[in-house]
Amino acid sequence: MSKDTIAYQGHAGAYSHLSCTKAFPNMQAYACDSFAKAMYMVERGEAKLAMIPIENSTAGRVEEIYRLMPKTELHIIAEHFEPVNHCLLGIAGASIEQLKTVSSHPQALAQCNNAIESLNLQQIAHLDTAGSAEELAAAQDPSHASIASELAAKLYGLEILQQNFQDIAGNTTRFVILSKENLMPEYVKNKTFISTFMFTVRNIPSALYKSMGGFATNGLNMVKLESYMASDSMSATSFHLDVEGHPAEKSMQLAMQELAFFSSEMRLIGTYLSHDYRTKND
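Nothing here was measured: the structure is a model prediction, and the numbers come from that model. (Residues numbered from 1 in each chain as written. Predicted model: local features only at pLDDT ≥ 70, side-chain atom pairs only at ≥ 80, totals over all residues. Heavy atoms only, no water.)

## Re the pairing of strand β7 (residues 101-104)
Where we set the bar: The cut-offs for exposure are 20% and 50% of the maximum accessible area for each residue type, with area from a 1.4 Å probe on protein chains only; residues under the lower value are buried, those over the upper are exposed, and the others partly exposed. For helices the rule is a DSSP run of H or I covering at least 4 residues; for strands it is a run of E covering at least 2, with both sets numbered from the N terminus onward. A pair of strands counts as paired when DSSP detects no fewer than two bridges linking them.
The alternating pattern of β7 places T101 and S103 on one face and V102 and S104 on the opposite face, and all of these are buried. As judged from the four bridges shared by β7 and strand β8 (residues 122-125), these two strands associate in the parallel manner. Residue pairing for β8: S103 is matched across the bridge by I124. Inspection of the sheet shows β7 paired to strand β9 (residues 144-148) by three bridges, in the parallel sense. Residue pairing across strands places S103 opposite S146, the latter belonging to β9.

Next comes the structure, spelled out in structure tokens:
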């Protein structure tokens, strides 16, 4: 199964599933009930890749991923940006005028709150957007709706009562694609690469400031820096860093040396091509 399988968290029709079909249309998408299971499938060789959400433009970072990544030996080999199009779904033949209730994941409900209130619908929280669509298809209740993806509507035989049901346009989720193999692309001068690091700074004054200095002095653009607790003891803070650059570049090599010097632990977890979404939305 591993050769052509990409694992994701959620029900069939979830936005992670949609991202799998868009980024890897020739691979078999496999649903898991947790991020950990999707990632460990790749570690065990049961899946070739995993599609994992790491941040959303509205909801922020996916905290759990930062705690899971250090527990694996997986590599980031690519990134994917997926615009979120929340659809208001009903059973076949239903109309918006019939609706009384709507269910979805709490984040989806929050992102569509104004639209829901304009229809005077009672909100029902569900663990998963696609799961709420699956339940709607089973119940066949014309007074109930679900907020989920267009793919979920197709999979569960539901009608799209309204496209782009979210209150704010532009809501986008960034995914990272994880592999057991370190498939680092060769450096090409006119292409933009992202390198992702996990590191823990040494217990000395200004260690974080000094560890970042190498990127500034070598003219490298840091595009993301996140902190998280590396252990349950709260004794050390670790960091997730995204930088525009490739380890084959001399400037990146010098910056990495400085980062390593001021870190008690440092790991390059992937270098990959920057997604087109970044340049289109600069």
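Next comes the rest of the account.
## Overview of the pairing of strand β12 (residues 193-201)
Of all nine residues in β12, nine are buried; the element is thus mostly enclosed. Here β12 shows two buried faces, one formed by F193, S195, F197, F199 and V201 and the other by I194, T196, M198 and T200. Sheet topology places β12 next to strand β15 (residues 263-273); nine bridges connect them, and they run antiparallel. Within the sheet, the bridge partner assigned to F199 lies in β15 and is M266.

## Observations regarding the packing of helix α8 (residues 207-217) against helix α9 (residues 250-261)
Cut-off, in case you're wondering: Fitted lines through C-alpha atoms give the axes, limited to the stretch in contact for helices. The angle between two N-to-C directions lies from 0 to 180 degrees. Oblique is the label for every angle not falling under 35 degrees (roughly parallel), over 145 degrees (roughly antiparallel), or within 65 to 115 degrees (roughly perpendicular). By the convention used here, residues are in contact when the closest approach between their heavy atoms is within 4.5 Å. Residues are grouped as follows: nonpolar covers Ala, Val, Leu, Ile, Met, Phe, Trp, Tyr, Cys and Pro; charged covers Asp, Glu, Lys and Arg; every other residue, Gly included, is treated as polar.
Two elements in contact, α8 and α9, have axes separated by 8 Å at closest approach and are oriented at 175 degrees. Relative to α9, the element α8 is oriented roughly antiparallel. Between α8, through K210, S211, M212, G213, G214 and F215, and α9, the contact on the second element is made entirely by M252, A255, E258 and L259. Among the residues making up the contact of α8 with α9, the classes are represented as five nonpolar, three polar and two charged.

## Some thoughts on the sheet that holds strand β14 (residues 237-244)
Overall, antiparallel pairing links the four strands, which are arranged β13-β14-β12-β15 in an open sheet. Here the strands that pair on one side only, and so sit at the sheet edges, are β13 (222-229) and β15. Between one strand axis and the next, the sheet turns by 15 degrees as a mean value, whatever way the strands run. As defined by bridge partners, β13 adjoins β14 across seven bridges and the pair is classed as antiparallel. When the bridges of β14 are listed, M222 appears paired with V243. Each of β12, β13 and β14 is contacted by α8, which is oriented at about 155 degrees to β12, the strand it contacts most.

## Topic: the packing of aromatic side chains
Counted only if it meets this: Two rings belonging to Phe, Tyr or Trp (six-membered ring only in the last case) form a pair when the distance between their centres is within 6.5 Å. Interplanar angles under 30 degrees mark stacking, angles over 60 mark edge-to-face geometry, and anything in between is tilted. Over a ring means this: the NZ of a Lys or the CZ of an Arg is within 6 Å of the ring centre and within 35 degrees of the ring normal.
Counted under the stated rule, the structure contains six aromatic pairs. Aromatic side chains Y187 and F193 sit 6.1 Å apart centroid to centroid with 40 degrees between the ring planes, which places their arrangement in the tilted category. Overall, F193 belongs to the buried group, its relative accessible area being 3%. An angle of 20 degrees between the planes, with centres 5.3 Å apart, marks the rings of F199 and F239 as stacked. You can see F199 sitting in strand β12 and its partner F239 sitting in strand β14, a full 40 residues away along the chain. Note on accessibility: F199 and F239 belong to one class, buried. One Lys or Arg, R61, reaches over the ring of Y66 and ends 5.4 Å from the middle of that ring. Note that R202 overlies the ring of F261, its terminal NZ or CZ placed 5.2 Å from the centroid.

## Digging into the sheet that holds strand β10 (residues 159-162)
The strands that make up a sheet pair up through hydrogen bonds in the backbone, lying either parallel or antiparallel. Spatially, five strands are ordered β8-β7-β9-β6-β10 in an open sheet, and the strand pairing comes out mixed. The open sheet has two edge strands with one neighbour each: β8 and β10. Taking the axes of each pair of neighbouring strands and ignoring which way they run, one obtains an average angle of 35 degrees across the sheet. Relative to β9, helix α6 (residues 129-139) is tilted by about 150 degrees, and along the sheet it contacts β6 (87-90), β7 and β9.

## Observations concerning the environment of L74
Relative to the helices and strands, L74 resides in the loop between α3 (63-68) and β5 (75-83). On the accessibility criterion, L74 (0% relative accessible area) is buried. Once you skip the residues sitting within four places of it in the chain, L74 turns out to touch M39, V42, E43, M69, L178, S179, K180, R267 and I269.

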